[in-house]
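# Residue-level structural notes
Read off the chains here:
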Amino acid sequence: MFIGRWQPWHKGHRWLIDQRLKEGKKVWIAIRNVEPNENQPWTAHEVLMNLQKELDDLILESVNYGRGVGYEVIEHVPPSDIKEVSATSIRAEMRKDGKL
């Protein structure tokens with residue numbers, strides 16, 4: 001499960017979830033419902049609509065659990081070109097270009 005604001009969704013986010021998908025794992029993306037402001041300008045519904053567009057190649061099959069299930073917290077260290085991606089910088093560029 002990946003929990004985030006996804007404001008906006010960018011290639012760093014996709015790289016991160018692709019790490020688990022490449023291992024044949026299922027991925028669940030959760031959207032934090034935060035009050036829109038300058039740093040997070042979109043509502044949760046607007047983020048959902050964007051994610052549906054960006055991730056139309058992925059299909060949610062089901063969410064499953066059972067007895068004795070253990071959960072891991074796994075850190076994925078991205079390559080430098082992905083590590084430098086910043087939603088804050090993307091929003092600033094969008095504001096500069098009049099797209100936000």
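Notes on the structure in this doc start here. Computed from a prediction, not measured in an experiment: that's the story for all the values here.

Taken as a whole, this structure holds four salt bridges when the rule is applied. Two residues, Arg 20 and Glu 23, come together in a salt bridge whose shortest N-O distance is 2.8 Å. Under the relative-accessibility criterion, Glu 23 is labelled partly exposed at 48%. Residue Glu 93 is joined to Lys 96 by a salt bridge in which the shortest nitrogen-to-oxygen separation is 3.6 Å. One end of the pair is Glu 93 and the other is Lys 96, both in helix α4 (residues 87-96) and three residues apart, which spans about a single turn. On the basis of relative accessible area, Lys 96 is assigned to the exposed category, the value being 64%. Ionic contacts of the salt-bridge type, sharing partners, join the residues Arg 14, Asp 18 and Asp 57 into one network.

Moving on to α4. Along α4, the residues that are buried comprise Ala 87, Arg 91 and Met 94. Taken down its axis, α4 places every buried residue within 60 degrees of arc, on the same side. The N-terminus of α4 is capped by Ser 86, whose side-chain oxygen sits 3.2 Å from the backbone nitrogen of Thr 88. Note on α4: the residue one or two positions beyond its end, Gly 98, has a positive phi of about 75 degrees.

The full count for this structure, using the stated rule, is one aromatic pair. Ring centres 5.3 Å apart and planes at 50 degrees place the aromatic pair Trp 6 and Trp 9 in the tilted group. For the pair shown, Trp 6 and Trp 9 are each scored as buried.

In this structure, Phe 2 sits in strand β1 (residues 2-4). Accessibility expressed as a relative area gives 13% for Phe 2, which makes it buried. Separated by 26 residues in the primary sequence, Phe 2 and Trp 28 place their C-alpha atoms 6.2 Å from one another. Not counting the four nearest positions on each side in its chain, Phe 2 is found in contact with Leu 16, Ile 17, Arg 20, Val 27, Trp 28, Ile 29 and Ala 30.

All right, on to helix α1 (residues 11-21) then. All of the buried residues along α1 are Gly 12, His 13, Arg 14, Trp 15, Ile 17, Gln 19 and Arg 20. Contacts made by the buried residues of α1 are with β1, β2 (29-31), α2 (44-54) and α3 (80-83).

Procedures and definitions
- Residues numbered from 1 in each chain as written.
- Predicted model: local features only at pLDDT ≥ 70, side-chain atom pairs only at ≥ 80, totals over all residues.
- Heavy atoms only, no water.
- Salt bridge = Lys/Arg side-chain N within 4 Å of Asp/Glu carboxyl O.
- Buried < 20%, exposed > 50% of the residue type's maximum accessible area, 1.4 Å probe, protein only.
- Helix = DSSP H or I, 4+ residues; strand = E, 2+ residues; numbered from the N terminus.
- Arc of directions from axis to C-beta.
- Polar contact = N/O pair within 3.5 Å; in protein donor to acceptor, adjacent residues only side chain to side chain.
- Phe/Tyr/Trp six-rings, centres within 6.5 Å; stacked < 30°, edge-to-face > 60°.
- Contact = heavy atoms within 4.5 Å.

That's the geometry; what it means functionally is another story.
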